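# Inside the fold
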Amino acid sequence: MLAKRIIAALDIKEGRVVKGIKFRNIRDAGDPIELARRYESEGIDEIVFLDITASYEKRQILLDLVERIAEEIYVPFTVGGGIRTAEEAREIVKRGADKIFINTAAVDNPKLVEEIAQVIGTANLVVAIDAKWNGKFWEVYTHGGRKARGIDAVEWAKTVESLGAGEILLTSMDTDGTKQGFDIPLTKAVVEAVEIPVIASGGAGKPEHFLEAFRIGAEAALAASIFHYGEYTVRELKEFLAEHGVPVRLE
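Residues numbered from 1 in each chain as written. Predicted model: local features only at pLDDT ≥ 70, side-chain atom pairs only at ≥ 80, totals over all residues. Heavy atoms only, no water.

### Notes on the overall build of the protein
Along its length, the protein carries ten helices and twelve strands. Considering only contacts within the protein whose residues lie at least 6 apart along the sequence, 66% involve residues at least 24 apart. A total accessible area of about 10,700 Å² is found for the protein, and carbon and sulfur atoms account for 47% of it. (Helix = DSSP H or I, 4+ residues; strand = E, 2+ residues; numbered from the N terminus. Contact = heavy atoms within 4.5 Å. Areas by Shrake-Rupley, 256 points an atom, 1.4 Å probe, with all protein chains shown as cover.)

Here it is as structure tokens:
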């Protein structure tokens with residue numbers, strides 16, 4: 001059985017790592033280079049770097065920062081935020097990222113998923129889905145959680161898989177930053193709807209939450225707050241998971 005992956009999220013605003021609750025109340029969490037180094041030393045499997053205002057501000061990603069982080073770490077590194085063309089995706093990979101992810105641009109132009117997959121390969125393309133329960137279904141949001149799109153997140157996951165996405169980064173806006181646990185019903189629904197790996201995101205507060213996500217089929221789980229503010233180390237989390245029968249990479 002493949003090892004389950006633990007992923008640290010670095011949400012970047014104005015060159016600093018930040019973290020919010022339910023996509024609001026943003027506060028500073030540190031320097032991205034320092035945090036990336038620390039997580040790698042603790043045994044993180046991957047790091048996701050999101051330029052959180054690039055889509056909203058309609059500007060390109062901070063390529064120099066991508067390059068600097070890629071020079072400092074050796075673990076796989078995924079970059080997203082504001083990517084609108086296959087050429088931009090290619091440039092980010094050239095600067096050192098292992099994978100890229102798109103969200104807003106994919107919803108605005110689904111054909112872009114196909115185009116990027118052809119340029120950098122399916123294995124290097126992640127589609128991020130930010131979803132919120134609207135009383136009837138989990139609705140897709142874009143522009144950093146600012147814009148509801150009227151699209152069913154589970155159906156959208158199936159669509160992007162068919163277009164060439166190699167992985168889905170699924171964030172629940174209802175649980176994001178709450179530390180109350182991943183959105184298990186949402187994660188389970190998407191895991192059961194697609195064949196590609198699903199990364200659970202939004203709401204991790206303790207090791208038991210990761211265990212829940214892995215038990216319902218998530219291939220990876222992403223967290224920010226519990227790592228940024230020193231509540232748990234990656235090592236502590238992995239040791240807990242290993243003790244409960246979850247295959248993880250321990251060095």
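### Section: the pattern of salt bridges
Counted by the stated rule, this structure contains 17 salt bridges. Measuring nitrogen to oxygen at the nearest pair gives 2.9 Å for the salt bridge that ties Arg37 to Glu72. Placement of Arg37 in helix H1 (residues 32-42) and of Glu72 in helix H2 (residues 63-72) is noted, with a sequence separation of 35 residues between them. With a relative accessible area of 43%, Arg37 lands in the partly exposed category. (Salt bridge = Lys/Arg side-chain N within 4 Å of Asp/Glu carboxyl O. Buried < 20%, exposed > 50% of the residue type's maximum accessible area, 1.4 Å probe, protein only.)

### Structural notes on the UniProt feature "active site" (unreviewed entry) in the protein
In the numbering used here, UniProt assigns the feature "active site" (unreviewed entry) to Asp11 and Asp130. These residues run over 120 residues, yet every pair of their C-alpha atoms falls within 14.3 Å of each other. By the secondary structure assignment, Asp11 is in strand E1 (residues 5-13). Relative to the assigned elements, Asp130 resides in strand E7 (residues 125-133). A polar contact of 3.1 Å, which involves the side chain of Asp130, links it to the side chain of Asn103. (UniProt positions renumbered as here; feature names shortened; annotations may be inferred. Polar contact = N/O pair within 3.5 Å; in protein donor to acceptor, adjacent residues only side chain to side chain.)

### What to know about the nonpolar core
Within soluble globular proteins, side chains that are nonpolar generally end up buried alongside one another. One finds Ile102, Ile116, Ile129, Phe210, Phe227 and Leu241 to be the most contacted residues of the largest nonpolar core, which totals 74 residues. Here this core takes six residues from helix H6 (residues 153-163), the largest share from any one element. Setting aside residues no more than four positions away along its own chain, Phe227 makes contact with Ile6, Ile7, Ala8, Arg38, Tyr39, Ile44, Tyr232, Thr233, Val234 and Leu237. The next biggest cluster of nonpolar side chains, apart from the first, holds eleven residues, and it includes Ala9, Phe101, Val126 and Leu222. (Core = buried A, V, L, I, M, F, W, Y, C linked by side-chain atoms within 4.5 Å.)

### Considerations on the environment of Asp152
In this fold, Asp152 is placed in strand E9 (residues 147-152). Classification of Asp152 as partly exposed rests on a relative accessible area of 26%. Distance from Asp152 to Val140, taken between C-alpha atoms, is 6.3 Å for residues twelve residues apart in sequence. Setting aside its immediate chain neighbours within four residues, Asp152 contacts Phe137, Trp138 and Val140.

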